[in-house]
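# Examination of the molecular architecture
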Amino acid sequence: MSRAADGDRRAFDMLMTRHAGRVVRFARANLGSASEADDIAQESFVALHRNLHRYDSARPFETWLFAIVRNKIRDHHRRRAVLRWVGAETDFSGMPSAEAGPERVTEDRDDLRRVSALVAELPEGLRTPLLLSAMEGMSLAGIGALMGLSAKAVEVRIYRARKALKVQFGDEGDASR
């Protein structure tokens, strides 16, 4: 990180290579769209590069990076809300894969949409710690540092998010029978 901050392009490229997969996964889990996740990852790394001089080496790099990504996702949701309000948003997420059979593709796509919709309905304060923990394997302390919470508060939020999803998924499962 210090080499990248000093202008070493190869060091920055190494940081991107090392963390890009996790950033894209986290963005995809929040957005539900691979192309939007790629855009958010790109915007995040541009912001990271522009702000290398602001990095506090006393804090973990991962925490700082995911704070940037989280802010970019929030900005994206704000833009989408405006687009929805004016009726200009189109959703292309959930496109089926050509690798599986048609029945399986339909079932998987429906399950993914249902789960993604349930996760998207969670308040951001529950969704972010759940995704960072489950999808990115971040520690409770790391998530807490990112969100300005104690590790115990993060643990409680993850518990509440899982409980809410279980209740919602159970309700939807009962309604479909």
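Shown above is the structure to which this text applies.
Below is a short write-up of the structure.

Cut-off values and rules
Residues numbered from 1 in each chain as written. Predicted model: local features only at pLDDT ≥ 70, side-chain atom pairs only at ≥ 80, totals over all residues. Heavy atoms only, no water. Helix = DSSP H or I, 4+ residues; strand = E, 2+ residues; numbered from the N terminus. Buried < 20%, exposed > 50% of the residue type's maximum accessible area, 1.4 Å probe, protein only. Contact = heavy atoms within 4.5 Å. Phe/Tyr/Trp six-rings, centres within 6.5 Å; stacked < 30°, edge-to-face > 60°. Axes fitted to C-alpha atoms, helices over the stretch in contact; angles between N-to-C directions. Parallel < 35°, antiparallel > 145°, perpendicular 65-115°, else oblique. Left-handed = near helix turned anticlockwise from the far one by under 90°. Nonpolar A, V, L, I, M, F, W, Y, C, P; charged D, E, K, R; others polar.

What follows covers the side chain of H19. By the element assignment, H19 lies in helix 2 (residues 9-31). On the accessibility criterion, H19 (11% relative accessible area) is buried. Once residues within four sequence positions are removed from consideration, H19 is found in contact with F45, F61 and L65.

Turning to helix 7 (residues 140-147), a few remarks are in order. An α-helical segment advances 3.6 residues per turn. Residues three or four places apart therefore align on the same side. The set of residues buried in helix 7 consists of G142, I143, G144, L146 and M147. Downstream of helix 7 by one or two residues, G148 has phi in the positive range, about 75 degrees.

Right, let's talk about the packing of aromatic side chains for a bit. All told, the structure shown has four aromatic pairs when counted by the stated rule. A centroid spacing of 5.5 Å and a plane angle of 85 degrees characterise the contact between F26 and F66, whose relative ring orientation is edge-to-face. Of this pair, F26 sits in helix 2 while F66 sits in helix 4 (residues 61-86), and the two are 40 residues apart along the sequence. Taking relative accessible area as the criterion, F66 reaches 1% and is therefore assigned buried. Ring centres 6.1 Å apart and planes at 70 degrees place the aromatic pair Y55 and F61 in the edge-to-face group. An aromatic cluster is present here, built from Y55, F61 and W64 joined pairwise through their rings.

So, on to the packing of helix 2 against helix 3 (residues 34-50). Remark: helix 2 packs on helix 3, axes separated minimally by 8 Å, with the N-to-C direction vectors making an angle of 140 degrees. Regarding the angle of helix 2 to helix 3, the classification is oblique. At the point where helix 2 passes helix 3, the crossing takes the right-handed sense. Residue-level contacts link F12, M16, H19, A20, V23, V24, A27, R28 and L31 of helix 2 to A34, E36, A37, D38, I40, A41, F45, L48 and H49 of helix 3. Here the contact of helix 2 with helix 3 is built from residues that sort into 13 nonpolar, two polar and three charged.

Here we come to the packing of helix 6 (residues 124-134) against helix 7. Packing of helix 6 against helix 7 leaves a shortest axis separation of 10 Å and a crossing angle of 145 degrees. Handedness of the helix 6/helix 7 crossing: right-handed. Residues G125, T128, P129, L132 and S133 of helix 6 form the contact with helix 7, whose own contacting residues are I143, L146 and M147.

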